[in-house]
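# Geometric and topological summary
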Amino acid sequence: MTTLRLPGLIDVHVHLREPGAEYKEDFESGSRAALAGGFTMVLAMPNTQPPLIDAASLKIAEDAASAKALCDYGFHLGASGSNVETAAALAQRVCGLKMYLDATYGPLLIQDLATLREHFARWPKDRPILCHAEERTLAAVLMVAHLERRSVHICHVSRKAEIELIRDAKMHGIDVTCEVTPHHLFIVQEDVPRFLSPGRSQVRPSLATRADQQALWDNMEFIDCIATDHAPHTLAEKDGNAPPPGFPGLETALALMLTRVHAGNIELDAVTARMVDNPRRIFGLPEQPETWIEVDPDATWTVRNEEVVSRCGWSPFAGSVLRGRVQSVTLRGECVYRGGQFFVKAGTGRNVAPAYR
Ligand code: NCD
Ligand code: ZN
Ligand code: ZN
Ligand code: ZN
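Computed from a predicted model, the values in this text were never measured in an experiment.

### Remarks on the environment of Ile154
With respect to the secondary-structure elements, Ile154 resides in strand E7 (residues 152–154). Classification of Ile154 as buried rests on a relative accessible area of 1%. Not counting residues up to four positions away in its chain, the partners in contact with Ile154 are Cys131, Ala133, Leu138, Val141, Ile166, Val176, Thr177, Cys178 and Glu179.

Written as structure tokens, this is what we have:
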């Protein structure tokens, strides 16, 4: 058996549900899921209850993470219609400003163009802005970023027209980076009836067509990051009357990508570039000394809801046979995970935002 040693993975887009929905996930359960999937650093989204839009709400999340997180972490602050100045003043305490420009789970949504421009003008030019921006909203965001002469990172790109717009914007010299989720690379809407109920298949952006998915693979050179958009909701919620959108993803992301490495569809270096190096560069994240993961690239395993570490207790990939599995995780010289067991105290994780380094 050959063992691969890789750097600890970085996920720039996770929802850990704390504060406000700890029954779905909290910093402890979410960071366990991260370690089990080979991630040693995760950046948490602000669509919590309360949403992270000011100093008081951010402090609640910082305190919870500092007490519970098992891996390193950072936050993205949420943009609202009334926090342009407040947000900018908090830029050093977070890893980015998240703007929701299309409706999705949670209370944050910016619909007017003037507010969008104000945030782009005011947020420090050297700190990241991330956008949930689909279809035509994406075109609006690229225009605003271009005019304000600043970078922008586009979350969970899922459609052919979107990745082609980003490709062409990059070629035009617009300072745009983007991420794609494993689920958009691996699941298409056409296949859903065969293995996912309609409720469980709900996710934003929606699962797309085979042509959209092919366009993502074909344009891999323009995709900067693979980010899970780990969005845990319970099975009771997913199977209920108003299924919330979102898939858990931390525990399956690397194995899915390694399965494609084994199939010869992508190089291992291209995977680690998108799961370690590019995330670190784009978000200005610190190196984690003496931190690595060991992976058995030939281990085949079946995803089972019963074995999911995340508190949500299910995976859209349940039943899939994947090739490649995380055996151990070493964080700052300490073995924190091996063979399904955790050897790490709650609160070991560090905040990676500039203010805390
Ligand atoms: C996310 C969630 O549940 O917080 N849901 C999702 O379907 N992706 C919100 C988001 O990332 O848009
Ligand atoms: Zn989103
Ligand atoms: Zn131009
Ligand atoms: Zn998300």
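That was the structure; now back to the text.
### Some remarks on the sheet that holds strand E5 (residues 96–100)
Here we have eight strands laid out as an open sheet, ordered E2-E3-E4-E5-E6-E7-E8-E9, and parallel in their pairing. Whereas interior strands pair on both sides, the edge strands pair on one side only; in this sheet they are strand E2 (9–14) and strand E9 (225–226). Strand contacts of helix H5 (residues 135–147): strand E6 (129–132), E7 and strand E8 (176–180), with the helix running at about 165 degrees to E7, the strand carrying the most contacts.

### Thoughts on the coordination of the zinc ion (ligand 3)
Within the first shell, the zinc ion (ligand 3) binds the protein through His146 (NE2) and His172 (NE2), at distances of 2.1 to 2.3 Å. Residue His146 is found in helix H5, and its partner His172 is found in helix H6 (residues 160–172); the two are separated by 26 residues along the sequence. For His146, a relative accessible area of 34% gives the class partly exposed.

### Considerations on the coordination of the zinc ion (ligand 2)
Around the zinc ion (ligand 2), the donor atoms from the protein are His132 (ND1) and His156 (NE2), and they sit 2.0 to 2.1 Å away. For the zinc ion (ligand 2), the four donor atoms are set out with angles of 52 to 147 degrees between them, so the coordination reads as irregular. A separation of 3.8 Å is found between the zinc ion (ligand 2) and the zinc ion (ligand 4). Of the two residues, His132 sits in strand E6 while His156 sits in the loop between E7 and H6, which places them 24 residues apart along the sequence.

### Points about the site of ligand 1
As a matter of local geometry, ligand 1 sits amid 15 residues, with Arg17, Asn47, Thr104, Arg204 and Asp229 nearest to it. In this structure, His233 approaches ligand 1 through a side-chain N or O atom, which is 2.9 Å from an oxygen atom. Calculation on ligand 1 without its partners gives an accessible area of 320 Å², and the protein chains cover 100% of this total. By residue class, the composition of the shell around ligand 1 is four nonpolar, eight polar and three charged.

The rules behind each value
- Residues numbered from 1 in each chain as written.
- Chains lettered and ligands numbered in written order.
- Predicted model: local features only at pLDDT ≥ 70, side-chain atom pairs only at ≥ 80, totals over all residues.
- Heavy atoms only, no water.
- Helix = DSSP H or I, 4+ residues; strand = E, 2+ residues; numbered from the N terminus.
- Buried < 20%, exposed > 50% of the residue type's maximum accessible area, 1.4 Å probe, protein only.
- Contact = heavy atoms within 4.5 Å.
- Pairing = 2+ DSSP bridges.
- Axes fitted to C-alpha atoms, helices over the stretch in contact; angles between N-to-C directions.
- Donors = N, O, S within 2.8 Å, 3.2 Å for Na, K, Ca; no water.
- Tetrahedral: all angles 85-135°; square planar, octahedral: opposite > 155°, others 65-115°.
- Near = heavy atom within 4 Å.
- Polar contact = N/O pair within 3.5 Å; in protein donor to acceptor, adjacent residues only side chain to side chain.
- Areas by Shrake-Rupley, 256 points an atom, 1.4 Å probe, with all protein chains shown as cover.
- Nonpolar A, V, L, I, M, F, W, Y, C, P; charged D, E, K, R; others polar.

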